[in-house]
Amino acid sequence: MAEKPSPPQSEPVVAPDATSAVTRTADAIIAGQVAQRNADAAGLRAAAGKLDNLGARPDDDQHDDLSESWSRQASVIDPSTPPAVYRGRALGPSYKKGVVSATSRVSINQIFLAGKKASVALVPASSKPVSIEISDGEGRKICSRLTSLKPANCEWLPLFTERYQIDIRTSESRPVSYYLVSN
């Protein structure tokens, strides 16, 4: 009896490209959070400008556009400089703010296209530990990362266009906020 060949798998996780739009978006979100905590108008404007230049926008209508929000906050802190001009959505990364607690996990299904590098970053909104795990349509783990201070990046090259499951968890007893950035 011939053994059934196993289906082809996605390429292994590749090292994150420091210049990818998802990584730059994650870095801009972190810089904006720091500037927001420090009431730093210049930092808020810079982070808002980076998000705007990348074309990064919330992936749904339920969340504020960070670029617009941070530009407004910067103008309140230092009204001497006008806010960045919004030019409309360009193709680029999207982000979603979420909350996860130890008693739950957040699961998101997303389709990634064959032959086009898939990139996902989990950006913690606090210093509390949070993890991300991505599995393909067959349940095979593509990427697993734990983070508390820096973005956790996952990049791979899908061999087939298919739906991937993104799971976000924490061991903290209190809810932990995060941003999920993807292309």
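Residues numbered from 1 in each chain as written. Predicted model: local features only at pLDDT ≥ 70, side-chain atom pairs only at ≥ 80, totals over all residues. Heavy atoms only, no water.

**Things to note about the state of the cysteines**
Convention followed: In this description, a disulfide is simply a cysteine sulfur pair whose atoms lie within 2.5 Å. Secondary structure counts use DSSP, requiring at least four H or I residues in a row for a helix and at least two E residues in a row for a strand, with both numbered from the N terminus. Here's how the labels work: a residue is buried when its accessible area is under 20% of the maximum for its type, exposed when over 50%, partly exposed in between, all with a 1.4 Å probe on protein chains only.
The tally for this structure, following the rule as stated, stands at one disulfide. Residue Cys143 pairs covalently with Cys154 via a disulfide, S to S 1.9 Å. The S-S bond linking Cys143 to Cys154 shows a torsion near -65°; that makes this disulfide left-handed. One end of the pair, Cys143, is in strand S6 (residues 141-147); the other, Cys154, is in strand S7 (residues 152-156), with 11 residues separating them in the sequence. Like Cys143, the residue Cys154 is buried in the burial classification.

**Focus: the sheet that holds strand S8 (residues 162-169)**
Test applied: Pairing between strands requires that DSSP locate at least two bridges from one strand to the other. A fitted line through C-alpha atoms serves as each axis, taken over the contacting stretch for helices, and the angle formed by two N-to-C directions is quoted from 0 to 180°.
Strand order in the open sheet formed by four strands is S3-S8-S5-S6, with antiparallel pairing between adjacent strands. If you trace the sheet from one side to the other, it starts and ends with strand S3 (106-112) and S6, each paired once. The average angle at which neighbouring strand axes cross in this sheet is 15°, direction not considered.

**Re the confidence of the model for the protein**
Applied cut-off: A residue's pLDDT is the confidence the predictor assigns to it, expressed on a 0 to 100 scale. Residues count as neighbours in contact if any of their non-hydrogen atoms are within 4.5 Å of one another.
Taken residue by residue, the protein gives an average pLDDT of 81. The fraction at 70 or more is 83%. Within the protein, the lowest mean pLDDT, 84, falls on strand S1 (residues 57-58), and the highest, 94, falls on strand S5 (residues 130-135). Below a pLDDT of 50 lies the segment residues 1-17, which in the model reaches 30 contacts outside its immediate sequence neighbourhood of four places, other chains included. Note that pLDDT drops below 50 for residues 85-91; the model gives that stretch 12 contacts with residues more than four away or on any other chain.

**Here's the deal with the nonpolar core**
Most often, soluble globular proteins keep nonpolar side chains buried together rather than apart. To be explicit about the condition: Put simply, a nonpolar core is a bunch of buried Ala, Val, Leu, Ile, Met, Phe, Trp, Tyr and Cys residues held in one set by side-chain atoms that sit within 4.5 Å of each other.
If you look at the biggest cluster of nonpolar residues, it comprises 21 residues, and the most contacted ones within it are Ile132, Ile134, Trp156, Ile168 and Leu180. Mapped by element, the contributors of at least two residues to this core are S3, strand S4 (118-124), S5, S6, S7, S8 and strand S9 (176-182). When near neighbours in sequence (up to four residues on either side) are disregarded, Ile168 contacts Val100, Arg105, Val106, Ile108, Leu122, Val130, Ser131, Tyr178 and Leu180. In this structure, Ala26, Ala41, Leu51 and Leu54 belong to the second largest nonpolar core, which totals 20 residues.

**Description of the packing of helix H2 (residues 41-54) against helix H3 (residues 66-77)**
So the rule is basically this: Between 65 and 115 degrees an angle is taken as roughly perpendicular, under 35 as roughly parallel, over 145 as roughly antiparallel, and anywhere else as oblique. Throughout, a crossing is termed right-handed when the near helix is turned clockwise from the far one, and left-handed when it is turned anticlockwise from it by less than a right angle.
Relative orientation of the contacting elements H2 and H3 amounts to 155°, with a least axis distance of 8 Å. Classed by the angle they form, the pair H2 and H3 counts as roughly antiparallel. Crossing geometry of H2 relative to H3 is assigned as left-handed. Of the residues in H3, those touching H2 at Ala41, Leu44, Arg45, Ala47, Ala48, Leu51 and Asp52 are Leu66, Ser67, Trp70, Ser71, Gln73, Ala74, Ser75 and Ile77.

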